[in-house]
Amino acid sequence: MENSIIDEIVFGASFAGTGIYLVWVAFLIFWGKDRVEQGAPMTVSKIERLFVLVPALNEEVVIAQTIKRFLTSTETLPQIKMIIVDDASSDKTVQVARETIAQAGCFERVWLWRRFLPDAQIGKGEALNWAYQKLATSFKKNDHIVCGVLDADAYIGRAGYERILEIFDQDSQIDLLQIRVGMFKKQNYLQKLQDVEFIVINNWIQNIRNRLKNAAASGNGQFIRMQAIDSMKPWGNALLEDFEFSTRFLLQAKKTRYAPDVIVYQEAISKVRPFIRQRARWAQGGLDCLFSYWPKIVGSKDLSFLAKLEMSFYLFLPFFSLVTGLANLAVLGFVLGFIEQYWLVLIMLLLINGIINGYILWLYAKKTGNLSVRQAIDIFLMMLVYNYLFYVAIIIAFYKKVRGKNRWVKTAHLGGEET
């Protein structure tokens, strides 16, 4: 009798999770399509300066490449400056950056600012706050100064920078702009799967947030009008400092927007363990934001009901994923153990996942044009395994949260050209 009740609970959780997942996917597909707002072409930008902050901790492998790509992209855009924020690196980041700047003779376009221990290496948010404070004391804030954030391995093309300036020019009410994230160095299937995730699924999510007027920052490729920043420490200490930052903006009735037509490229993680470590940090950061900001989100008078619902769903997603993920694994094991009786259930589950994953891959191939039939088949088969890596990351996140382990562990960048 007791086992029967447990079985019913597990099956119920699994099927409820599957139902919610299908509703969520349908919502993404029908409401997550790109909708690019076009305006008059930019002639002379009103943006006086765009400062690109690049937090750098032990980035000797990629920093020279990042600087060179920036110089190429902004050659005709003198109002855009890059600020390398060295966070007390123990490798040759400072030396490589100095040599690259000197060789290019770009002292007016790329600046190197250094932090030192014990005040350094206490999180990306603190490094950004320190750099912002220096900027705010050096330049008088106005609507025509924008501050951006790029990872140390990231780059944006010239057309992308022009479009960013154009968006801020066209809408003086925009306070925060997040652009689409894509991957370079897609040499193995884990890296290709990350590109699929960001180009299709994350893009769906952000497009929906655009429609709900709660577009969120994603860390890499966020741009902020400096006049809109009220605090000298705008970034928080959560391990998901980007979502925390944009949540603060939304709670202050600031206007945020996502631009699906501008892409920032970053290096994809090549190995499973660093990938799980990164996603565990993101999930733990989400838990930080849940406990700190969810009551404020629910009580906000500036967010719509649907925006509150979407943000709540996102914040509670680790709990939902943990319960339903474990229930799905238990049901799968049960079905495989009694395959003669439950083969139809197995076929239905495989068919549901197959249709959804197939559609995602079709969209990815359509958007990128760089997916062969053989690669599509291989990625299709690996997507289920990829999804279960997130469950491992969530379990680690809960463990670290309970144990109070909040140390920031950054993702190592290995360098490499786009492939």
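Please refer to the structure placed before this passage.
What counts, and where the lines are drawn
Residues numbered from 1 in each chain as written. Predicted model: local features only at pLDDT ≥ 70, side-chain atom pairs only at ≥ 80, totals over all residues. Heavy atoms only, no water. Helix = DSSP H or I, 4+ residues; strand = E, 2+ residues; numbered from the N terminus. Buried < 20%, exposed > 50% of the residue type's maximum accessible area, 1.4 Å probe, protein only. Contact = heavy atoms within 4.5 Å. Areas by Shrake-Rupley, 256 points an atom, 1.4 Å probe, with all protein chains shown as cover. Salt bridge = Lys/Arg side-chain N within 4 Å of Asp/Glu carboxyl O. Pairing = 2+ DSSP bridges. Axes fitted to C-alpha atoms, helices over the stretch in contact; angles between N-to-C directions. Parallel < 35°, antiparallel > 145°, perpendicular 65-115°, else oblique. Nonpolar A, V, L, I, M, F, W, Y, C, P; charged D, E, K, R; others polar.

Colleague: Any chance you could break down the overall build of the chain for me, citing the residues and the numbers?
Modeller: Looking only at helices and strands, the chain features 11 helices and 7 strands. Evaluated residue by residue, the chain yields a buried proportion of 51% over its 419 residues. In the chain, 83% of the contacts between residues at least 6 apart in sequence involve partners at least 24 apart. Element-wise, carbon and sulfur atoms account for 61% of the exposed surface of the chain, whose accessible area totals about 20100 Å².

Colleague: Let's hear about the pattern of salt bridges: which residues, and what values?
Modeller: Opposite charge on two side chains permits pairing when their charged atoms draw close. The tally for this structure, following the rule as stated, stands at 15 salt bridges. A salt bridge links Asp261 to Arg163; the nearest nitrogen and oxygen atoms lie 2.7 Å apart. One end of the pair, Asp261, is in strand E7 (residues 255-267); the other, Arg163, is in helix H5 (residues 158-170), with 98 residues separating them in the sequence. The partner of Asp378 in a salt bridge is Arg374, with the nearest N and O atoms 3.1 Å apart. Highlighted residues: Asp378 and Arg374, both in helix H11 (residues 373-403), separated by 4 residues, approximately one helical turn. Under the relative-accessibility criterion, Asp378 is labelled buried at 17%. Since its relative accessible area comes to 58%, Arg374 is described here as exposed. Shared partners join several salt bridges into a network, and the residues in it are Asp34, Arg180 and Lys367.

Colleague: Which residues make up the environment of Ala307, and what are the values?
Modeller: Here Ala307 is to be found in helix H9 (residues 305-337). Spatially, the C-alpha atoms of Ala307 and Leu212 are 5.5 Å apart, while their sequence positions differ by 95 residues. For Ala307, the residues in contact, after removing those within four places along its chain, are Leu212 and Asn214.

Colleague: Describe in detail the sheet that holds strand E5 (residues 174-184), supporting the description with residues and values.
Modeller: On the basis of which strands lie adjacent, the open sheet formed by 7 strands has the order E3-E2-E1-E4-E6-E5-E7 and mixed pairing. A strand with exactly one partner marks an edge of an open sheet, and here the two such strands are strand E3 (110-115) and E7. Along the sheet, successive strands turn relative to each other by an average axial angle of 20 degrees, direction set aside. The pairing of E5 with E7 spans 10 bridges and is classified as parallel. Residue pairing across strands places Leu177 opposite Arg257, the latter belonging to E7.

Colleague: Please give an account of the packing of helix H6 (residues 189-212) against H11 that cites residues and values.
Modeller: Where H6 contacts H11, the axes come no closer than 10 Å and their chain directions differ by 80 degrees. As summarised for this structure, H6 and H11 are arranged roughly perpendicular, according to the angle between their axes. Across from Tyr189, Leu190, Lys192, Leu193, Gln194 and Glu197 in H6, the residues of H11 making contact are Gln375, Asp378, Ile379, Met382, Met383, Tyr386, Leu389 and Phe390. Per-class residue counts for the contact of H6 with H11 are 9 nonpolar, 2 polar and 3 charged.

Colleague: Please give an account of the environment of Phe380 that cites residues and values.
Modeller: Tracing the backbone through its elements, the reader meets Phe380 in helix H11. Judged by relative accessible area, Phe380 falls into the partly exposed class, the value being 32%. For the pair Phe380 and Asn353, spaced 27 residues apart in sequence, the C-alpha to C-alpha distance is 9.8 Å.

Colleague: Account for unusual backbone geometry, naming residues and giving values.
Modeller: That bond from Leu117 to Pro118 is cis: its omega, 5 degrees, falls within 30 degrees of zero. Among the secondary structure elements, Pro118 is positioned in the loop between E3 and helix H4 (124-138). The phi dihedral of Gln121 is positive, around 60 degrees, even though this residue is not glycine. Phi at Ala253 takes a positive value of approximately 65 degrees, unusual for a residue other than glycine. One can find Ala253 in the loop between helix H7 (241-251) and E7.

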